[in-house]
Structure formats: C-alpha cells, structure tokens
Amino acid sequence: MAVVQVNKKKESEQVHKTMPAPGRFITEGNKAYVEIAERKIPIGGPMPQLKENEKHLHYTTSLCPVCLRLLPARVFERDGKVFLRKVCPEHGEIEELYYGDSNLYTKMMKYEETGKGAGKIKAYVSLNAPCPYNCGFCSMHENHTALANLVVTNRCNLSCYYCFFYAEKAGYIYEPSIELLKFQIEQLKKQGVTMAIQITGGEPTLREDLPEIVKMLREEGVRHIQLNTAGIKFAEMYFNDPEAAINYSKTLREAGVNTVYLSFDGVSPKVNFKNHWEIPYIFEVFRKSGMTSVVLVPTLIKGHNDQEIGGILRFAGKHLDIVRAVNFQPVSLSGQIKKSEREKVRITIADAIIEIEKQTDGQISRDTWYPIPVAAKFAKFVEAATETEQFCMSNHPMCGSANYVFIERDANGIPTKFIPIGAFFDIEGFLEYLDEKRIDITDSMFKKLHLIKGVLDLRKFVDEKRMPKELKFSKLLTSIFIKRNYDALGQLHYHMLFIGMMHFMDLYNYDVERVRRCNISYLMPDGRVVPFCTFNVMESLYRDYVQEKYKKLDLKSNEMKSFNPGEKYNRSKYIVRINKDPIYINAYKGIIY
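Counting of residues starts from 1 at the beginning of each chain's written sequence and follows it residue by residue. Residues qualify for local features only when their pLDDT is at least 70, as the model is predicted, and side-chain atom pairs are given and counted only at 80 or more; totals for whole chains, interfaces and linings, by contrast, use all residues. Note that the side-chain values use all heavy atoms of the structure and ignore hydrogens as well as water.

**Q** What's the story with helix α10 (residues 349–359) in this structure? I'm lost.
**A** α10 sits mainly inside the fold: 10 of its 11 residues count as buried. Three exposure classes are used, based on accessible area relative to the maximum for each residue type with a 1.4 Å probe and protein chains only: buried under 20%, partly exposed in between, and exposed over 50%. Only runs of H or I of at least four residues qualify as helices and only runs of E of at least two qualify as strands under DSSP, and these elements are numbered from the N terminus. Regarding α10, the residues found buried are Ile349, Ala350, Asp351, Ala352, Ile353, Ile354, Glu355, Ile356, Glu357 and Gln359. Phi turns positive one or two residues past the end of α10, at Asp361, with a value near 55 degrees.

What follows is the structure in structure tokens.
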C-alpha cells in the first residue's frame with residue numbers, strides 16, 4: 001500500500017476518485033480467499049443449524065473471531081433473547097448474544113430503512129473483495145457519513161484496561177500533521193453532505209496545536225465539531241492554574257468546538273476510576289468558559305457499572321445547564337475470551353434499556369425507545385416535500401436507539417421525575433403518518449402545501465394534558481419541521497435530555513449487514529473513509545495496518561525504536577485537596593452524597 005506524502009502539491013490531486021481496493025478476492029480450486037493487509041483469509045463455511053426451541057429470524061454473514069474468516073451466520077430467538085451463531089471449519093461453533101430482548105428486537109427491526117449510498121462520491125475504492133474486506137467506502141456501502149472520527153493522536157494520559165486504542169498497545173505514536181488531517185477532511189467533502197467531525201484519539205488534548213486543528217476544520221466547512229476526551233487535562237490545569245484552564249477551554253470553544261464528548265462511566269469512584277474525581281472541576285471549567293454542550297459517554301460493562309445507569313441519568317439531570325445528552329456504549333469485547341467469561345460482561349442495548357426502566361422506577365419505559373433510523377423517515381418525508389436532498393441516518397436498527405426526556409427537578413436541582421417524549425407524543429402514529437404522507441407527496445403537484453398541512457397536523461400527535469407545562473413541544477417540533485436545520489434541532493437539545501445507545505460490534509457478535517449501513521466513520525490517512533466497526537474491530541487489516549505506515553509523519557524523530565507516550569496523569573498529587581473541596585462535594589450532592 002502506498003503512503004500518501006503531503007507536499008506542495010494539492011492533496012486532493014494525490015488520491016484518485018476511486019482508489020485501489022484494499023482486498024482482492026481469489027480462488028484456488030474450489031476454495032476462496034481474500035488477500036488483504038499482507039494476509040490470506042479463507043472465505044466460507046457451513047450454514048449454522050437451528051436447535052431445539054429456537055426460532056429463526058434472519059440470515060447474515062459474520063467473522064471468525066480467531067482467523068477473521070467470512071462465515072454464513074444465523075440470527076435466532078431463544079428464551080426471549082436474540083443470538084447469533086456461526087461455524088468456522090477450523091475453529092468450530094461460535095454463539096453470541098445479539099440482542100437481550102426479542103420483543104424489543106422485533107419493534108426496532110420494524111423501523112428498518114434503506115440508505116442511498118455513500119453520497120455524491122458513490123465509492124472511494126474499487127470493488128474487488130466481499131464486505132467487510134473492501135473498505136472503504138466501496139459501492140456496496142449503503143450510507144453516507146453522519147459523523148466522521150478524525151484521529152489526531154494515539155497518545156493518552158490514561159491507561160484504561162478496556163480501551164482498544166492507545167500508543168502503548170500500538171507500539172508507536174501516530175500523530176498526523178495538520179496538512180494530513182486537512183487532506184482527510186477534503187476526502188470527506190467528496191460525499192457532498194453536511195460534515196460533522198469528532199476529534200478523537202488517544203487523548204486529543206495532548207496535542208498542543210489542538211486549537212489550530214479545530215480552526216482548520218471550521219475553515220474547511222465542518223458544521224459540527226465535537227471533542228472526544230476524558231477531560232483530565234482541563235481538571236489538571238484547573239488544579240494548578242484555574243484561569244489558564246478556563247482560557248484553554250474558551251480558546252477551544254471560540255475556535256469552533258460545539259460539543260465535548262466526555263467519558264463518564266459511573267457516579268461512584270469505584271466504578272468510574274477514570275475521572276470520577278476530576279469531573280466536578282471539568283464541569284467548573286466548562287461553565288466558566290461557555291462550553292455548554294456536554295455529552296456524557298459511559299462504556300457499559302455488565303457486572304461493573306450497569307447498576308449505576310440510573311445514577312448516571314440523575315447526575316446528568318442535576319447538571320442539565322451544560323449536559324445535553326448521555327450516550328451509553330455497551331462494551332465491545334476484544335481478544336480471545338471464553339464464552340463463559342463473555343457472558344459475565346456482555347450487555348446489549350436491550351439490556352441497558354430494561355435497566356433504565358428498572359432504575360427510573362418505570363418512568364423511562366422500554367416502550368418509549370426507538371432505533372436511530374426513524375430519523376430517516378423524517379428526512380425522506382422532508383425530501384419528498386421540498387425536493388432537496390436531506391441528511392439521512394438509515395443505519396441498521398441494531399446499531400443504536402434513542403430517547404428524549406424532560407426532567408422535573410426539586411429546589412436543589414436534583415431530578416425527581418423523568419418524562420420521556422413518548423409519554424406525551426404518539427411517536428408510532430407520527431412515523432406511520434410520515435410514511436403515508438410521503439407516498440401522497442410523491443404523487444402530488446402541491447408538495448409545499450403537504451408540508452404546511454403536515455405542520456398543522458403535528459398537534460394531533462401531542463397529548464397536551466400529559467405534556468410538561470414548561471415544555472412548548474409542539475412549537476419546538478414545528479420549528480424543526482419548518483426550518484429543517486441544525487439550529488432548530490439544537491433548540492430541542494437545550495430543552496430536553498437526549499439519551500442514546502450505540503453498540504459497536506466485536507468479532508463475536510459481528511454482523512456484516514450492520515457494517516454496510518454504518519454511518520459512523522473513521523477518516524484514514526491514506527484517503528479512505530472506513531466504517532467504525534471495520535476500523536476498530538478488524539484493526540489488523542485497517543486501523544493498525546494503515547496507521548503504522550504513517551507513524552513517522554511529523555514526529556520529532558523519524559527513527560523511533562522506543563517512544564514516550566507522554567506523562568501519565570497522577571491523581572495522588574491532588575486527591576487530599578479534592579476530598580475536602582466544595583466543588584467536588586456539591587457536584588455529587590444528592591446523587592451519591
């Protein structure tokens with residue numbers, strides 16, 4: 001694979017519209033293989049059989065977690081849960097929990113939507129191998145990018161045991177120049193859709209030129225920029241110089257950061273060993289610097305922090321002045337793990353939804369959750385009415401689910417009641433209405449009149465008696481419907497708490513159909529745009545294989561036999577002070593104190 005060298009020539013001239021495929025399909029006699037990343041991987045295996053008391057749901061393809069062989073797979077129901085089974089001719093049968101509740105599975109799959117491909121570019125690479133050995137995107141991919149991850153470093157000031165990506169594990173430092181990062185953005189532009197970027201790592205704040213990177217993204221036309229961080233740098237700076245910490249955060253905000261995607265695994269120090277002690281100071285910095293859009297991101301692990309899901313939501317509700325969302329991410333398992341050990345930690349979106357129902361005393365019921373592709377129904381309706389192409393999130397229903405909740409709080413700001421949008425808005429009826437009207441609009445000469453009538457009809461889906469008095473929901477929804485833009489949707493985010501679920505796959509529950517519809521991408525330094533679950537799950541073929549080839553770009557030394565990933569954070573310097581500090585105590589008061 002050739003490495004793209006950034007020089008005086010425009011980067012866009014260095015990569016053709018359609019690049020060579022990373023993989024190549026070959027046959028030898030009656031056997032099939034894929035050659036990719038200097039490996040030869042076999043293709044095919046026997047169809048898994050159903051066993052007693054199992055109900056077939058659908059077929060798909062998956063991967064062997066040992067050899068990455070492409071295998072036929074069966075998704076089936078047993079004992080009220082959904083499983084995936086595959087059989088590798090060399091490594092035997094692999095069965096994995098796919099979705100923790102079959103009734104929720106049936107509901108979510110009802111809202112399956114088709115995508116429209118990878119935007120205007122259609123494909124970045126030629127098609128020479130089956131999915132997922134041809135990323136990407138290739139012509140088989142069914143969605144454009146909704147959120148692109150831009151890796152700015154693999155250095156980190158923490159070493160969390162469940163993390164799949166940091167310098168010590170890689171054995172090298174990956175830290176591309178701003179010029180190379182700009183080239184990756186130019187590649188994303190070719191899709192012709194609104195660009196939303198997540199700056200990620202590693203820990204992005206370890207880069208001294210992070211404000212310059214953010215400015216570059218704005219200059220390139222990126223509409224939404226979110227910073228993925230554990231926030232340690234903000235807290236540590238505050239401990240030593242509060243004003244410097246606030247100015248640093250303000251600099252990032254003014255440069256163009258819209259949202260901070262903040263790791264937060266639980267409310268107790270035992271569970272959230274990563275940044276429990278630092279979160280109050282991170283929030284203090286954000287409040288004083290105008291960084292008022294924070295998404296809390298818990299990695300959910302069964303038996304570790306699943307019993308703090310309700311506490312996380314109450315904590316978010318207490319800090320609703322800056323927290324806009326909680327996005328739960330059930331853990332993705334890496335490495336060779338026995339089935340009995342996987343069962344101890346495996347949690348799915350359905351399991352998390354049921355836990356939320358339990359831990360909020362039924363206030364956020366399982367019935368109020370919907371899969372992400374319901375947004376595609378809205379987009380397709382507006383597209384039919386206005387004849388303008390819309391941002392369409394038609395990813396697989398198993399990839400993510402969402403809810404909006406209004407929060408009632410007491411005089412001290414502690415949440416007393418969660419009221420999900422589904423408690424006062426007929427979501428299912430509204431979605432059926434959109435589908436019906438979309439068909440009518442397609443055959444009508446009076447498209448805009450249909451859109452206006454749709455706005456008037458919105459009221460019939462709202463139960464005014466059950467709707468919180470403080471919430472002008474009909475007005476907010478009408479604004480979104482008419483304006484159809486980022487600012488209108490932002491109003492909704494500032495009035496309610498968004499609760500999301502995003503379950504990234506691993507080699508045990510891998511479903512190729514999900515990958516083909518993925519709209520969470522990674523931008524690659526060689527110019528490709530790759531789905532999240534090929535980049536991080538098949539890391540030896542994508543992430544690590546490519547990034548290692550760029551590890552020498554813009555580093556202080558081109559010959560690095562060893563590396564220093566940066567000074568690790570040492571909490572012991574500050575813990576005595578933290579324990580006595582009102583900032584820390586007040587942040588958790590009413591939640592754990």
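**Q** Could you clarify how one ought to interpret the packing of aromatic side chains in this entry?
**A** The way to describe two aromatic rings as a pair is by their centre distance and the angle between their planes. Pairing of aromatic rings covers Phe, Tyr and Trp, the last through its six-membered ring, and needs centres within 6.5 Å; plane angles under 30 degrees mean stacked, over 60 mean edge-to-face, and all others mean tilted. A complete count under the given rule lists 25 aromatic pairs for this structure. Centroid distance Phe264 to Phe315: 4.9 Å. Interplanar angle 15 degrees. Geometry classified as stacked. Highlighted residues: Phe264 in the loop between β11 (259–263) and α7 (279–289) and Phe315 in helix α8 (residues 309–318), separated in sequence by 51 residues. For Phe315, a relative accessible area of 0% translates into the label buried. For the ring pair Phe315 and Tyr588, a centre distance of 5.1 Å and an interplane angle of 25 degrees mean the geometry is stacked. Of the two residues, Phe315 is situated in helix α8 and Tyr588 in helix α20 (residues 582–588); the sequence distance between them amounts to 273 residues. One aromatic cluster is present, built from ring pairs that chain together Phe264, Trp277, Phe283, Phe315, Tyr584, Tyr588 and Tyr593. Residue placement shows Lys40 over the ring face of Tyr33; its charged tip is 4.6 Å from the ring centre. By the criterion adopted, a ring carries a charge over it if an Arg CZ or a Lys NZ lies within 6 Å of its centre and within 35 degrees of its normal. Seen from the ring of Tyr545, Lys549 lies directly overhead, with NZ or CZ sitting 4.6 Å from the centre.

**Q** I'm lost on the pattern of salt bridges in this one. Help?
**A** Side-chain pairs of opposite charge can arise whenever the charged atoms involved come near each other. When a carboxyl oxygen of Asp or Glu is within 4 Å of a side-chain nitrogen of Lys or Arg, the pair counts as a salt bridge. Under the defined criterion, the tally for this structure stands at 32 salt bridges. Of the charged contacts, one joins Arg24 and Glu35 as a salt bridge, the two residues approaching to 2.7 Å between their closest N and O atoms. Linking Arg24 in strand β1 (residues 23–28) with Glu35 in strand β2 (residues 31–36), this pair joins segments that are 11 residues apart in sequence. Taking the relative accessible area as the measure of exposure, Arg24 reaches 45% and is therefore partly exposed. Looking at Glu35, the relative accessible area reads 29%, which means it is partly exposed. Three or more residues joined by partner-sharing salt bridges are found here, namely Lys51, Glu54, Arg78, Arg85, Glu93, Glu95 and Lys339.

**Q** How do you make sense of a nonpolar patch on the surface when you look at a structure like this?
**A** A contiguous nonpolar surface patch, about 250 Å² in accessible area, is contributed by Ile585, Ile592 and Tyr593. Here Ile585 is to be found in helix α20. By definition, no residue in a patch forms a salt bridge, and every one has over 30% relative accessible area; like charges are joined within 9 Å, nonpolar side chains (Val, Leu, Ile, Met, Phe, Trp, Tyr) within 5 Å. Areas reported as accessible are Shrake-Rupley estimates using a 1.4 Å probe. Residue values count occlusion only from the protein chains shown.

**Q** Hey, could you run me through the packing of α8 against α10 in this one?
**A** The packing of two helices is summarised by the inter-axis angle and the distance between the axes. Contact geometry for α8 and α10: axes closest at 8 Å, N-to-C directions at 70 degrees. Relative to α10, the element α8 is oriented roughly perpendicular. Helix-helix and strand crossings are classified by hand; for α8 and α10 the assignment is right-handed. Two secondary-structure elements touch here, α8 through Ile309, Gly310, Leu313 and Arg314 and α10 through Ala352, Glu355, Ile356 and Gln359. Here an axis means a line fitted to C-alpha atoms, over the contact stretch when the element is a helix, while the angle between two N-to-C directions is reported on a 0 to 180 degree scale. Each angle gets one of four labels, with under 35 degrees taken as roughly parallel, over 145 as roughly antiparallel, 65 to 115 as roughly perpendicular, and the rest as oblique. Note on convention: near helix rotated counterclockwise from far helix by under a right angle means a left-handed crossing. Clockwise means right-handed. Throughout, a contact is declared for two residues whenever any of their heavy atoms are within 4.5 Å.

Don't take any of this as a statement about function, it's just geometry.
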